[in-house]
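A structural walkthrough
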Amino acid sequence: LSSDVCSSSLSSGINAEYGEDEVSSSFQELLVEIIKRPKFDEKAEVDEEGVKADYNDMIEFIDARRIVDIVYLLTSRSLSHISMLQEEYYQEQGVELYTVLESITDHHIKDGLVSFMSVASDYPRYCAYKLHNSMDGSGTDEGSLTRIITTRADKDLKVIKTLYGEMFDKSLYQAIKDDTSGDYRRTLLALL
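Residues numbered from 1 in each chain as written. Predicted model: local features only at pLDDT ≥ 70, side-chain atom pairs only at ≥ 80, totals over all residues. Heavy atoms only, no water.

Looking at unusual backbone geometry
Heads up, the condition is: For the purposes of this entry, the term helix denotes a DSSP run of H or I that reaches at least four residues, the term strand denotes a run of E that reaches at least two, and both are numbered from the N terminus.
One non-glycine residue, Arg65, lies in positive phi territory at about 55°. With respect to the element layout, Arg65 can be found in the loop between helix H3 (48-63) and helix H4 (67-75). At Asp169, a residue that is not glycine, the phi angle is positive and equals roughly 50°. Among the secondary structure elements, Asp169 is positioned in the loop between helix H10 (157-168) and helix H11 (172-179).

As for helix H5 (residues 79-93)
How we decide: An expected span of 1.5 Å times one less than the residue number is assigned to each helix. Per-residue accessibility, obtained with a 1.4 Å probe over protein chains only, is compared with the maximum for each type, and a residue is labelled buried under 20%, exposed over 50%, and partly exposed between these values. In this description, one arc is meant: the one made by directions from the helix axis to the C-beta atoms. The contact criterion used is simple: two residues touch if any of their non-hydrogen atoms lie within 4.5 Å.
Helix length check: H5 (15 residues) gives 21 Å between terminal C-alpha atoms against 21 Å at 1.5 Å per residue, within 8%. His81, Ile82, Leu85, Gln86, Glu88 and Tyr89 are the residues of H5 that are buried. Projected onto a plane normal to the axis of H5, the buried residues spread over an arc of 165° and lie on a single side. In this structure, the buried residues of H5 make contact with H3, H4, helix H6 (97-104) and helix H7 (107-121). Backbone geometry just after H5 places Gly94 at a positive phi near 75°.

Dropping the structure here:
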């Protein structure tokens, strides 16, 4: 699909779900740019000079509250690069980049940028948090629960399980056992 078709479909879907006035154009832009985001070789070495240049650009964008430019910068870099950018920002400014982004954005764009930054900085921790949210409260978000368990089973599920236990004082195994039933429960627990 072309990026124009994706952009148009996404904008229509967002407007239908939330209403045109409910979702900012910056948030729509973030979602479109995440969808259009190229696949990066995350194992490739990150260009430190590029990180420093992006740090300087980010300072300028934040000072001028150029949200669209921030979105473009973040979505056009690898997660490894963004992680190093966050570290550079913290070393130079003494504050987390996501905290500053929270302070200059609102509602959906804030949530979207913070989630994106969380993925870049510590994906296993982000997954542990999303797993907890999928089982927290009444009902289960089976889509999120299934997606994370099945896609991470061969990769870093052991790390996610450890983090989950540390973060929520309950093993992921026990949380799934308590929140699911039947064949669905048996299948998820077998994947752990």
